[in-house]
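Below, each chain spelled out in residue letters.
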Amino acid sequence: MADLDDIRDGDNFGLNTPADTTSFYLKGMNSMSWGIKNRMSRIFNRDSGRTVMLAFDHGFLMGPTSGLERIDLNIAPLAEEADCLMGCRGMIRTSIPADNTKPICLRTDSGTTILTEMNHNVLIAEEDAISMNASAMAAMLAIGDAATEASTIANFSRLVDLGNKYGIPVMGVTAVGKDMARDARYFGLASRVCAENGASIVKTYYTEGFENVVAACPVPVVIAGGKKLPELEALELAHNAIQCGAAGVDMGRNVFQSDKPLAMLRAVKEVVHNGAKPSEAIEIYHAG
Ligand code: 5RP
């Protein structure tokens, strides 16, 4: 216990240095908790304000798809080059070394597969996400799907409640129903629904008019890569999205199904963080 007669008056109040009241560097995050901001800072580069997430959650829907036959061999070696790893708990626990220091965006919903009616998902226990030191939790919303829209939005809202309680950002993943028009109107609506329900990050798909999708979404938007494209086209996709204001990518098949996944990841990073043109970034791919 300090001596009562040795209480020294403070004399270093930094009166010439006002408290920092500048905004947090990511849009929509000012009113979020310290925990959410801190975890967002692990995912989004402070200088660029963007991220290159590596998605390998596909197996929970479609099994050992091409490029994901062995997560330990296909994905673990790429981890150092990614800004964030997005996958399911079983594959991360079994196949990503626990000394991994990259933030984890944990797929926190689970349900049906491509063999049946999709999107009847439930949430995994939040304790498990916390035990895996998740920097973000991701769940899918099937906007526009009559059978599962309500239940996936309810799942998502519950996940946001849990994320707010524990300071973990939640990423809304917009699943596109087969009858949905893949246009800016649809993606704008789906992304906005994620944000309205409390998402800290929205994952959606690039489309013409994407600047409106991004503008109407008050939190960072990242794009999925979609089906495998020739590398230059995938870099153009990323570049177009960034030009429209996207905060990065959460890319899967266009990285892990590439002939040179590590080189492709480096090329995508050059586009996302340094604003490289696709014609410049493809040289990084070719050199890799
Ligand atoms: C739909 C998803 C995918 O599982 C995946 O993350 C998408 O990645 P990509 O389209 O780049 O392969 O988001 O739930």
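Position labels on residues start from 1 in each chain and follow its written sequence. Side-chain atom pairs in this predicted model are given and counted only at pLDDT of 80 or more, local residue features only at pLDDT of at least 70, and totals for whole chains, interfaces and linings cover all residues.

## Focus: the packing of helix 9 (residues 231-243) against helix 11 (residues 261-274)
Then comes step 1: Here the axes come from fitting lines to C-alpha atoms, over the contacting stretch only for helices, and the angles between their N-to-C directions go from 0 to 180 degrees. What counts as a helix is a DSSP run of H or I of at least four residues, what counts as a strand is a run of E of at least two, and both are numbered from the N terminus. It is the contact of helix 9 with helix 11, at a shortest axis distance of 9 Å, that shows an interaxial angle of 25 degrees. Comparing the axis directions of helix 9 and helix 11 gives the class roughly parallel. Both helix 9 and helix 11 take part in a crossing whose hand is right-handed. Contact with helix 9, carried on its side by Glu231, Leu235, Ala238, His239 and Ile242, involves Met264, Ala267, Val268, Val271 and Val272 of helix 11 and no other residues of that element.
Then comes step 2: Residues are sorted three ways: Asp, Glu, Lys and Arg are charged, Ala, Val, Leu, Ile, Met, Phe, Trp, Tyr, Cys and Pro are nonpolar, and all the rest, Gly among them, are polar. Taken together, the residues of the contact of helix 9 with helix 11 sort by class into eight nonpolar, one polar and one charged. Roughly parallel refers to an angle under 35 degrees, roughly antiparallel to one over 145, roughly perpendicular to one between 65 and 115, and oblique to any angle outside these ranges. With the far helix as reference, a near helix turned anticlockwise by less than a right angle produces a left-handed crossing, and one turned clockwise produces a right-handed crossing. A residue pair is marked as a contact if its C-beta atoms, positioned from the backbone, fall within 7 Å.

## Describing the pairing of strand 9 (residues 221-224)
Then comes step 1: Counting other C-beta atoms within 10 Å of a residue's C-beta gives its exposure: the residue is buried at 20 or more, exposed at 12 or fewer, and partly exposed in between, where C-beta atoms are placed from the backbone. Of the two faces of strand 9, the one holding Val221 and Ile223 and the one holding Val222 and Ala224 are both buried throughout.
Then comes step 2: Here a strand pair is declared whenever DSSP counts at least two bridges between the two strands. Relative to strand 9, strand 8 (residues 201-204) runs parallel, the two being bridged by three bridges. Its bridge partner being in strand 9, Lys203 is matched across the sheet by Val222.
Then comes step 3: Each parallel crossover has a hand, and for strand 8 linked through helix 8 (residues 210-215) to strand 9 it is right-handed.
Then comes step 4: Two elements, strand 9 and strand 10 (residues 248-251), share two bridges in a ladder whose sense is parallel. With the strands aimed away from the viewer, a crossover counts as right-handed if its path from the first strand over the helix to the second runs clockwise.

## Overview of helix 11
Then comes step 1: The terminal C-alpha atoms of helix 11, which comprises 14 residues, lie 19 Å apart, in line with the 20 Å expected from a rise of 1.5 Å per residue.
Then comes step 2: Those residues of helix 11 not exposed but buried are Pro261, Met264, Leu265, Ala267, Val268, Lys269, Glu270, Val271 and Val272.
Then comes step 3: Elements that come into contact with the buried residues of helix 11 comprise strand 1 (51-55), helix 9, strand 10, helix 10 (253-256) and helix 12 (278-287).
Then comes step 4: Just downstream of helix 11 lies Gly275, where phi reads positive at about 65 degrees. Multiplying 1.5 Å by the helix residue count minus one yields the expected span of that helix.

Bear in mind that shape data such as this cannot, by itself, settle questions of function.
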